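One letter stands for each residue in the lines below.
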Amino acid sequence: RLSLVGSEMCIRDRGVAAIMEDGIYVEEFEDAAIKRKLARRSQNVCLVADHSKFNKKSTYKALDFQDIDIFITDFLPEEYKDKINCQIIEVKEEK
């Protein structure tokens, strides 16, 4: 769910409960506090999350969008494109 390599932090899909209009949310208070602390200590923060995390609801805000340097997703809803101000990599699966 969470990887820290040197000064890089990567939050993977299962480490995110929801992506709401003001940031990244998790289910537990302690999880949010740990992610915030690690993000402050990291030079780069990478978020990997799929489309199912958008517009869900969760309780504890872990990160603002400004805390994320690279965001990898399979689909970025239009209403989030102005809110997320980092390098966005959309990975489309070819069928």
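Structure first, text after, so check above.
Residues numbered from 1 in each chain as written. Predicted model: local features only at pLDDT ≥ 70, side-chain atom pairs only at ≥ 80, totals over all residues. Heavy atoms only, no water.

1. Side note on the sheet that holds strand S3 (residues 18-20)
- The sheet built from 3 strands is open, its strands ordered S3-S4-S6 with antiparallel pairing. The sheet terminates laterally at S3 and strand S6 (60-63), the two strands that pair on one side only. Between one strand and the next, the sheet's axes are offset by a mean angle of 45 degrees, whatever the strand orientation.
- Pairing between S3 and strand S4 (residues 23-26): 3 bridges, direction antiparallel. Residue pairing across strands places Ala18 opposite Tyr25, the latter belonging to S4.
- Packing of helix H1 (residues 29-41) onto the sheet brings it into contact with S4 and S6, and relative to S6 it is tilted by some 15 degrees. (Pairing = 2+ DSSP bridges. Helix = DSSP H or I, 4+ residues; strand = E, 2+ residues; numbered from the N terminus. Axes fitted to C-alpha atoms, helices over the stretch in contact; angles between N-to-C directions. Contact = heavy atoms within 4.5 Å.)

2. Here's the deal with the pairing of strand S2 (residues 8-11)
- Burial along S2 is one-sided: Met9 and Ile11 are buried, and none of Glu8 and Cys10, which face the opposite way, are.
- In the sheet, S2 pairs with strand S5 (residues 44-48) via 4 bridges, with the strands oriented parallel. Following the sheet pairing, Cys10 is matched in S5 by Cys46. (Buried < 20%, exposed > 50% of the residue type's maximum accessible area, 1.4 Å probe, protein only.)

3. Digging into the packing of aromatic side chains
- Summed over the entire model, instances satisfying the criterion amount to 4 aromatic pairs.
- Centre to centre, the rings of Phe54 and Phe71 are 6.1 Å apart; their planes meet at 55 degrees, and the pair counts as tilted. Within this pair, whereas Phe54 is found in the loop between S5 and S6, its partner Phe71 is found in strand S7 (residues 70-73), the two being separated by 17 residues in sequence.
- Taking the relative accessible area as the measure of exposure, Phe71 reaches 1% and is therefore buried.
- Among the aromatic residues, ring-to-ring pairing joins Phe54, Phe65, Phe71 and Tyr80 into one connected group. (Phe/Tyr/Trp six-rings, centres within 6.5 Å; stacked < 30°, edge-to-face > 60°.)

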